[in-house]
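Spelled out from the first residue to the last, the chains are:
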Amino acid sequence: MTSRLERITQQRLDSLSRIRARGVNPYPHSYHPSHTIQQAITLFKQQKEGFQTISLAGRVMARRSMGKMTFFDIRDGSGKIQLCFRYDSLGQEKYEFLKEVDIGDIIGVEGKLFRTKVGEITLEVSNFTMLCKSLRPLPEKWHGLADVEKRYRQRYLDLISNEDARTIFTLRSRIITEVRNFLNSQGFIETETPVLQPQAGGALARPFITHHHALDEDLYLRIALELHLKRLIVGGFDKVYEMGRAFRNEGISIKHNPEFTLLECYQAYADYNDMMNLVEETISYIAHKVLGDTKITCQGKTIDLAPPWQRLYLREAIKKHCGIDFEDYPDAASLRSRMIEMGMEADPGKGRGKLVDELIATFVESNLIEPTFLLDYPVEMSPLAKCKRGNDRLVERFEAFINGIEVANAFTELNDPLEQRERFREQLKERVGNEEVEIADEDFLQALEYGMPPTGGLGIGIDRLVMLLTGQSSIREVILFPQLKTKSEP
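None of these values were measured; they are calculated from a predicted model. (Residues numbered from 1 in each chain as written. Predicted model: local features only at pLDDT ≥ 70, side-chain atom pairs only at ≥ 80, totals over all residues. Heavy atoms only, no water.)

Novice: How do you make sense of helix H7 (residues 163-185) when you look at a structure like this?
Specialist: Here H7 contains 23 residues, and its C-alpha end-to-end distance of 33 Å stays within 8% of the 33 Å for a straight helix at 1.5 Å per residue. Every buried residue belonging to H7 is among Ala165, Arg166, Ile168, Phe169, Leu171, Arg172, Ile175, Ile176, Glu178, Val179, Phe182 and Leu183, and all of these are buried. Each element contacted by the buried residues of H7 is listed here: strand S2 (69-75), helix H6 (155-161), strand S10 (239-247), strand S11 (259-268), helix H9 (272-291) and helix H15 (462-470). Its side-chain oxygen 3.0 Å from the backbone nitrogen of Asp164, Asn162 forms the N-cap of H7. Where H7 terminates, the next one or two residues include Gly187, which has phi positive at roughly 90°. (Helix = DSSP H or I, 4+ residues; strand = E, 2+ residues; numbered from the N terminus. Expected span 1.5 Å × (residues − 1). Buried < 20%, exposed > 50% of the residue type's maximum accessible area, 1.4 Å probe, protein only. Contact = heavy atoms within 4.5 Å. Polar contact = N/O pair within 3.5 Å; in protein donor to acceptor, adjacent residues only side chain to side chain.)

Novice: Sorry, what's going on with the side chain of Ser382 here?
Specialist: The residue Ser382 is located in the loop between strand S15 (372-378) and strand S16 (387-388) in this model. What Ser382 contacts, discounting residues up to four positions off in sequence, is Tyr377, Val395, Arg397, Phe411 and Arg423.

Novice: Could you clarify how one ought to interpret the nonpolar core in this entry?
Specialist: Val279, Phe398 and Leu458 are the most contacted members of the largest nonpolar core, which totals 47 residues. Among the elements that make up this core, the one with the highest residue count is H9 (9 residues). Sequence-distant contacts of Val279, defined by excluding residues within four places in its chain, comprise Trp309, Phe373, Phe398, Ala400, Ala408 and Leu458. With 43 residues, the next largest nonpolar core counts Leu359, Val364, Leu384 and Leu448 among its residues. (Core = buried A, V, L, I, M, F, W, Y, C linked by side-chain atoms within 4.5 Å.)

Novice: I would appreciate a short explanation of the packing of aromatic side chains in the present structure.
Specialist: Remark: the centre distance and the inter-plane angle together describe each pair of aromatic rings, the angle taken between the planes. In this structure the tally under the stated criterion is 7 aromatic pairs. Each ring, one from Trp309 and one from Phe373, has its centre 5.2 Å from the other, and the planes form 25°; the classification is stacked. With Trp309 in the loop between strand S13 (301-304) and strand S14 (310-313) and Phe373 in strand S15, the pair connects residues that are 64 residues apart, well separated along the chain. The same class applies to Trp309 and to Phe373, which are both buried. The structure contains a cluster of three or more aromatic residues connected by ring pairs, namely Phe72, Phe85, Phe97 and Phe128. Sitting over the ring of Tyr87, Lys68 keeps its end group 4.7 Å from the ring centre. (Phe/Tyr/Trp six-rings, centres within 6.5 Å; stacked < 30°, edge-to-face > 60°. Lys NZ or Arg CZ within 6 Å of the ring centre and 35° of its normal.)

Novice: Explain the packing of H7 against H15 to me, please; I cannot follow it from the model alone.
Specialist: Any two packed helices are characterised by the angle at which their axes cross and by the distance between the axes. Their axes nearest at 10 Å, the elements H7 and H15 cross at an angle of 120°. It follows from the interaxial angle that H7 and H15 lie oblique. Between H7 and H15 lies a crossing whose hand is right-handed. Note on element contacts: H15 touches H7 through Ile462, Asp463, Leu465, Val466, Leu469 and Thr470, opposite Ile168, Leu171, Arg172, Ile175, Ile176 and Val179. Each residue belonging to the contact of H7 with H15 can be placed in one class, and the counts come to 9 nonpolar, 1 polar and 2 charged. (Axes fitted to C-alpha atoms, helices over the stretch in contact; angles between N-to-C directions. Parallel < 35°, antiparallel > 145°, perpendicular 65-115°, else oblique. Left-handed = near helix turned anticlockwise from the far one by under 90°. Nonpolar A, V, L, I, M, F, W, Y, C, P; charged D, E, K, R; others polar.)

Novice: What am I meant to see in helix H13 (residues 417-428) here?
Specialist: Because an α-helix packs 3.6 residues into every turn, residues spaced three or four apart end up facing the same way. The first and last C-alpha atoms of H13 sit 17 Å apart over 12 residues, in line with the 16 Å expected at 1.5 Å per residue. Here H13 has its buried residues at Pro417, Gln420, Arg423, Phe424 and Gln427. Taken around the axis of H13, the buried residues stretch over an arc of 115°, which confines them to a single face. Its buried side turned inward, H13 meets S16, strand S17 (391-402) and helix H14 (442-450). The N-cap of H13, judged by a side-chain oxygen 3.0 Å from the amide nitrogen of Leu418 a few residues on, is Asp416. (Arc of directions from axis to C-beta.)

Novice: How should I be thinking about the pairing of S17 in this particular structure?
Specialist: Where burial is concerned, most of S17 is hidden: 10 out of the 12 residues are buried. One ladder, built from 6 bridges, connects S15 with S17; its direction is antiparallel. Bridge assignment links Thr372 to a residue of S17, and that residue is Phe401. Sheet analysis places S16 next to S17, joined by 2 bridges and oriented antiparallel. Bridge pairing links Cys387 to Val395 in S17. (Pairing = 2+ DSSP bridges.)

Following this line, the structure appears as structure tokens:
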């Protein structure tokens, strides 16, 4: 039995044949509209008289026929407008050609703007051109679809049919632009560092591995931007940043995608206190520039991003929410035993740092609704961070949380090459069966031996920041093409 989609597709193929039989090219090389739809609407509102002939282009989203008058709605990247086609103006041949125009087709139109009796700004069409014949129908009642995954797999349909989706990704572009504008205004220099690396470093994560045939060696997709950016600090750049893709071969969730956009910036002669100030200033600036306010709404909660943000010590936060003082458990075995006593699952292959991280995720994160800096982490969790002044069991590190989501991570960077080498050596003791261990990067260690000034380093997850500023609860809503399991099609 022929499916509805097959029938519609065949009807459109037949229409395509008729269009070509008329000597019309349904896929012309170019078309140059004089205005975007939004520009045209703005122009009409500003002009009092003497309306000029303009040209627009867009996708047909709706059509309504009323005898010898037909109305279309078309949409371009800036907005939507109504078109009016009159038999008397176009003539029989051109008006009959409208029958070959389907919803989803892209057309170019010429005419003059007017306002209908009900007040809708409309273009009265004097001429039109087929720019692209659509062979598949647009989805019906798109907002009612239960198959959310289809929106992610066929994002182009989501963007065509869902104005909210277009708004999110327009805002994403503006957010990224304002991040750059702010950092540039603060004297930071944007740089680019390698995606393919001989070893993955700068974070505790499982990497993706690929093979370079010409070099005949395995390479890794970067899991962080850190080590190369700190080489630039060694080289004499005092303020550097990079916004780029990072890759982690780990789980997928509403907060995690294997490929994500990461901002990292490094400032010489600074520490994690300076980075806290930078986070507050950057995020509040972006919110004000993009949204017009530092207040955002997340799942019905109003959150103010204006400085100053709350500051909590990690040790006290964990103790408050689950009763464990991790300083009482100096090794993985003792902490694991305590977690098991509490009924938690504690992987015997995880070190003390990973176990503390589980306590944060389980008991603390969901309570951090207002913008909050969580301060001073166990040294096992941060091999690249400098020890806290007065307590060498902790490091000067913070994570920033908003609405229970981590959006930033920062250190006072470790610049003692001998201590850094020893930290890597200690990490390697946990290497067996654990891919999430920092591997010693010999070239990076050599760079430190030439001397890196005191430095503050910061990472911000751009996707999560966009989630917060657009009120989304899933990372897939803010990544145009999120990672999905390959689906075989018939």
